[in-house]
Amino acid sequence: MSADGTGILANDLACDVHDDFFELYDGGADPTAAEAEILTRFAGEILSGGNREVVLAALAECLWSVGHPVEELRTRLATLVAADAGAEHWGDLYPARKRVLVRFLAKLAAPKPAPVGRKKARVPKKRLFEAGDYLAFVKRSGRVVPVIVWWVEARPPLRYDFVFPNMSRPAGPDLVARLLDTTALLTDDELGVFLGKGQRPKVVTLEHVAARPYVGRFRRFGSRPFRFPAWQCGACGYCANFEGFEQYADEGGSRGLTPDELAAIGGPPPGTPAPPATGG
């Protein structure tokens, strides 16, 4: 289970429900239509007792927050709570989760005093990446290259800034190994071997909405935040869509990670074909 906490919107699945609902609602969908669409999208998750409770609670929170009636969802959720349907799913966290749900059911009994309105731009509950994340990215060619999250612009619209280490630059095996092992000591000058001299790399920006459909082509393998203000943006690029991001990845000139390097970082993103032994 990927839950980070017992709150109604404190885990990945609940955040997915929230973000999908408000994408529909902010886009003009009627709450009833948005509810039906969410139940369809998450039909697979609802088959599991624990996940069913998570989805229904998150959806009820969304509908309640916009002033839409939630009596039916509240009844379904109360039945699950009475049957302890989520006990196995939550494990040792279940007593705390059940207390949250009991308070939540009481809150749902009365309409929200000041419902939230539609927004042109809303920051998602679930971020795809965080500043300093080291990611393995599958290029269109099938090669896997490293990408580092430079910064996250949290104001709407949510944006991610990336830099592309160039693995084709001359570097000894020990230095390459320490780049990929984010628990290892790496100086700014050593990182600069892959990003260019002077701690002034090219930074590329991609919006959350453009990155989200392609998140499966990334896999996080570590974190090493940049030491600002030593590092500063040398040149900036903005991607209007994911195709633009792919173009920047191609222009970075990096070789692909070798099988041994991929093994060292825990493997490529799921479903990635194994690269040839040359890793070029």
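In the block above lies the structure referred to throughout.
What you see is a predicted model, and the numbers here were worked out from it, not measured in a lab.

J.: What am I meant to see in empty space enclosed by the protein here?
T.: Vacant regions in the atomic arrangement are exposed by a probe of water-molecule size rolled over the atoms. Per the stated rule, a full pass over the model turns up two cavities of 30 Å³ or more. Every residue along the wall of the largest cavity is listed here: Y134, D188, L191, R224, P225, F226, R227 and W231. Its residues assigned to classes, the lining of the largest cavity shows five nonpolar, no polar and three charged. One number sums up the size of the second largest cavity: a volume of about 30 Å³. Forming the walls of the second largest cavity are K139, V145, P146, F164, P165, A249, G252 and S254.

J.: In this structure, what is going on with unusual backbone geometry? I would like to understand it.
T.: Peptide bonds are mostly trans, and most non-glycine residues show a negative phi. In this chain, P156 is followed by P157 through a cis amide linkage whose omega measures -5°. Along the chain, P157 turns up in the loop between β2 (144-153) and β3 (159-163). Even without being glycine, Q199 reaches a positive phi, approximately 50°. Looking at the element boundaries, Q199 is found in the loop between α9 (188-195) and β4 (202-207).

J.: What should I look at first to understand the pairing of β2 in this one?
T.: The side chains of a regular strand alternate between the sheet's two faces. Counted residue by residue, β2 has eight buried out of ten residues, so it is predominantly covered. The sheet contact formed by strand β1 (residues 133-138) and β2 spans five bridges and is antiparallel. Pairing of Y134 across the sheet is with I148, part of β2. Between β1 and β2, which pair antiparallel and follow one another directly, the connecting turn spans five residues, one of which, G142, has a positive phi of 95°. With five bridges joining them, β2 and β3 adopt antiparallel strand pairing. Within the sheet, the bridge partner assigned to V152 lies in β3 and is Y160. The loop that links β2 with its antiparallel partner β3 comprises five residues.

J.: Looking at this model, I keep getting lost on the packing of helix α2 (residues 31-41) against helix α4 (residues 49-65). Mind explaining?
T.: In a packed pair of helices, the relevant descriptors are the angle between the two axes and the axis-to-axis distance. Two numbers describe how α2 lies on α4: the axes approach to 11 Å, and their chain directions differ by 165°. When the axis of α2 is compared with that of α4, the two are roughly antiparallel. Considering the relative orientation of α2 and α4, their crossing is right-handed. Mapping the contact onto sequence places P31, E35, I38 and L39 in α2 and L56, L59 and L63 in α4. Across the contact of α2 with α4, the residue classes tally to six nonpolar, no polar and one charged.

Calculation criteria
- Residues numbered from 1 in each chain as written.
- Predicted model: local features only at pLDDT ≥ 70, side-chain atom pairs only at ≥ 80, totals over all residues.
- Heavy atoms only, no water.
- 1 Å grid on protein atoms, 1.4 Å probe; cavity = no way out; pocket = protein on both sides within 12 Å on 5 of 7 lines; lining within 4 Å.
- Points joined across faces, edges and corners; volume = space filled by probe spheres on them.
- Nonpolar A, V, L, I, M, F, W, Y, C, P; charged D, E, K, R; others polar.
- Helix = DSSP H or I, 4+ residues; strand = E, 2+ residues; numbered from the N terminus.
- Buried < 20%, exposed > 50% of the residue type's maximum accessible area, 1.4 Å probe, protein only.
- Pairing = 2+ DSSP bridges.
- Axes fitted to C-alpha atoms, helices over the stretch in contact; angles between N-to-C directions.
- Parallel < 35°, antiparallel > 145°, perpendicular 65-115°, else oblique.
- Left-handed = near helix turned anticlockwise from the far one by under 90°.
- Contact = heavy atoms within 4.5 Å.

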